Amino acid sequence: QLVRVFSFYNKVITSFLAPTLIGALILTEPIIGHVFDPKFLVSATAFRVFFIGSFFFYFFNSCSFLLVILEKPEYTLYSRVFAIYNVGMDLLLIPRFGIVGAAFATGSAMALGYLFTFLLIRRIVAIRIPWVATARILLYAAAMGAVIWPLTGRIDGIPMLMAVVALGAVVYGLLAW
């Protein structure tokens, strides 16, 4: 049952994460420029790098409920070694790449921590990533991205941004349906 529940939960998480990732990557500048302030546009690359790391963090985090069920909280403790990795990567990357280096260090540390947890859990329960479903979800999200990407140059305010987001949600929803 745990294998089936994990597979279902991973699909549900991915079905929300994938279009959010693609949409956020494509609409970073309009979101920052219109929702926040154009002076923050210099952080667009850092946002994208961190968001990709966060995608993998949440993708593999779908196994975290198993830690409670299997009574293995020590696995979370083991994965905290990536906090040390984060600090080391910060010291290495921030002087060279600034905020983008910090975003990469933190995003990759989060992702690697849960990938490590996922691999530890697989030693106890034969969970697997549902790759066919994941590929299909990513394909739908890519199709959504292909529809909204040409519209990014026409976004001139929050109403148009919301319309593009709504169009993306409709396209993705229809494809996923």
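This is a predicted model, so every value here is computed, not measured. (Residues numbered from 1 in each chain as written. Predicted model: local features only at pLDDT ≥ 70, side-chain atom pairs only at ≥ 80, totals over all residues. Heavy atoms only, no water.)

### Considering the packing of aromatic side chains
Within this structure, the stated rule accounts for 13 aromatic pairs. Considering the side-chain rings of Phe 55 and Phe 56, the 5.3 Å spacing of their centres and the 85° angle between planes classify their relative orientation as edge-to-face. By relative accessible area, which is 38% here, Phe 56 ends up partly exposed. Pairing Phe 60 with Phe 118 gives two aromatic rings, centres 5.4 Å apart and planes at 50°, and the pair type is tilted. You can see Phe 60 sitting in helix α3 (residues 44–61) and its partner Phe 118 sitting in helix α7 (residues 99–122), a full 58 residues away along the chain. As far as the burial class goes, Phe 60 and Phe 118 line up, both buried. (Phe/Tyr/Trp six-rings, centres within 6.5 Å; stacked < 30°, edge-to-face > 60°. Buried < 20%, exposed > 50% of the residue type's maximum accessible area, 1.4 Å probe, protein only. Helix = DSSP H or I, 4+ residues; strand = E, 2+ residues; numbered from the N terminus.)

### Focus on a nonpolar patch on the surface
On the surface, a cluster of nonpolar side chains totalling about 510 Å² of accessible area is made up of Val 35, Phe 36, Phe 40, Ile 158 and Met 162. Mapped onto the nonpolar patch, the elements with two or more residues apiece are α2 (28–36) and α9 (158–176). Turning to its location among the elements, Ile 158 is positioned in helix α9. (Patch = residues over 30% accessible without salt bridge, like charges linked within 9 Å, V, L, I, M, F, W, Y side chains within 5 Å. Areas by Shrake-Rupley, 256 points an atom, 1.4 Å probe, with all protein chains shown as cover. Salt bridge = Lys/Arg side-chain N within 4 Å of Asp/Glu carboxyl O.)

### Some thoughts on the side chain of Asn 86
Take Asn 86: it is sitting in helix α6 (residues 81–97). Among the residues examined, Asn 86 registers a relative accessible area of 17% and is labelled buried. If we ignore the near neighbours within four places in the chain, the residues touching Asn 86 are Ala 105, Thr 106 and Ala 109. (Contact = heavy atoms within 4.5 Å.)

### Observations concerning the nonpolar core
Counting 18 residues, the largest nonpolar core has Phe 6, Cys 63, Phe 118, Ile 121 and Ile 127 as its most contacted members. Listed by contribution, the elements that provide at least two residues to this core are α1 (2–26), α3, α4 (64–69) and α7. Setting aside chain neighbours within four positions, we find Phe 6 in contact with Ser 62, Cys 63, Phe 65, Leu 66, Phe 118, Ile 127, Arg 128 and Ile 129. Listed in part, the 13 residues of the second largest apolar core include Ile 137, Met 144, Leu 151 and Tyr 172. (Core = buried A, V, L, I, M, F, W, Y, C linked by side-chain atoms within 4.5 Å.)

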